[in-house]
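So you can see what is in the structure, the chains are spelled out below.
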Amino acid sequence: ERRALFFVSFLMIRRPPRSTLFPYTTLFRSKKYPNLKGIIGSSSAEAPGIGLALEEKGLQDKIACVGPSLPSMTSDLLKSGAVDVITVKRPKDMGYVQIWLMTHLLKGGKIENGMEIPYLGEIYLKGNAIYPVTPDFADITGENVDEFPF
């Protein structure tokens, strides 16, 4: 059986809770993707939007929903199973990294490929962006969402 998995990259327009989320619900009604097994959101607003639409259509047990988001936006959806898992970079660590980088640069330091940054580890550069070689993300589910108070 061939499986279909979507990566969505459009912005969800904020609407009142439990309203019809047209882009997602239209996709679920589509006969073009009968084997749709999961949807991966690409921004923090997409997982909650997808989860709400899955719940509205009664598809939360048939189609998986994952993506980056915040626990404060997805807590109820994670607990109900409409959103399966969200991932976040630990905000405390990212705050430390930003202050460390600013201090390093103010002291005349340079940012170079392969250098170690506390709480981030070894990095590589792509254009003006800094990426960790081994990302450290928190996976948040309905079972552990209450451990993340943001």
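All residue numbers here refer to positions counted from 1 along the written sequence of the relevant chain. Given that the model is predicted, a residue must reach a pLDDT of at least 70 before its local features are reported, and side-chain atom pairs must reach 80 or more before they are shown or counted; all residues, however, enter totals for whole chains, interfaces and linings. To obtain the side-chain values, all non-hydrogen atoms of the structure were used and water was disregarded.

**Q** I'm lost on the nonpolar core in this one. Help?
**A** Considering soluble globular proteins, one finds that nonpolar side chains tend to be buried as a cluster. Judged by nonpolar contacts, the single largest core of 19 residues is most densely connected at Leu 54, Ile 63, Cys 65, Leu 78, Val 83, Ile 86 and Ile 140. Helix and strand assignments follow DSSP, with helices taken as H or I runs no shorter than four residues and strands as E runs no shorter than two, numbered in order from the N terminus. Among the secondary structure elements, those contributing two or more residues to this core are β2 (36-40), α2 (46-57), α3 (71-80), β4 (85-89) and β8 (137-140). Of all the elements, α2 adds the most residues to this core, at four residues. To define a nonpolar core, start from buried Ala, Val, Leu, Ile, Met, Phe, Trp, Tyr and Cys residues and group those joined through side-chain atoms within 4.5 Å. Burial here depends on accessible area, computed with a 1.4 Å probe over protein chains only, as a share of the maximum for the residue type. Under 20% is buried, over 50% is exposed, and the range in between is partly exposed. The next biggest cluster of nonpolar side chains, apart from the first, holds six residues, and it includes Val 97, Leu 101, Met 115 and Leu 120.

**Q** Before we go on, may I ask you to explain the sheet that holds strand β5 (residues 116-117) in this structure?
**A** Adjacent strands of a sheet pair through backbone hydrogen bonds, lying either parallel or antiparallel. Pairing between two strands is assigned when DSSP locates at least 2 bridges connecting them. Pairing is antiparallel in the open sheet, where three strands are placed in the order β5-β6-β7. For this open sheet the edge positions go to β5 and β7 (129-132), each flanked by a neighbour on one side alone. The pairing of strand β6 (residues 121-126) with β7 spans four bridges and is antiparallel. Residue Lys 126 lies in a different strand from β7, and its bridge partner there is Ala 129.

**Q** What am I meant to see in the pairing of β2 here?
**A** Along any regular strand the residues' side chains alternate between the sheet's two faces. Note: β2 against strand β3 (residues 64-68), three bridges, orientation parallel. Paired with Gly 38 across the bridge in β3 is Ala 64. Crossovers are marked right-handed if the path from the first strand over the helix to the second runs clockwise, as seen with the strands pointing away from the viewer. Handedness of the crossover is the feature at issue here: the chain leaves β2, passes through α2, returns alongside β3, and the resulting connection is right-handed.

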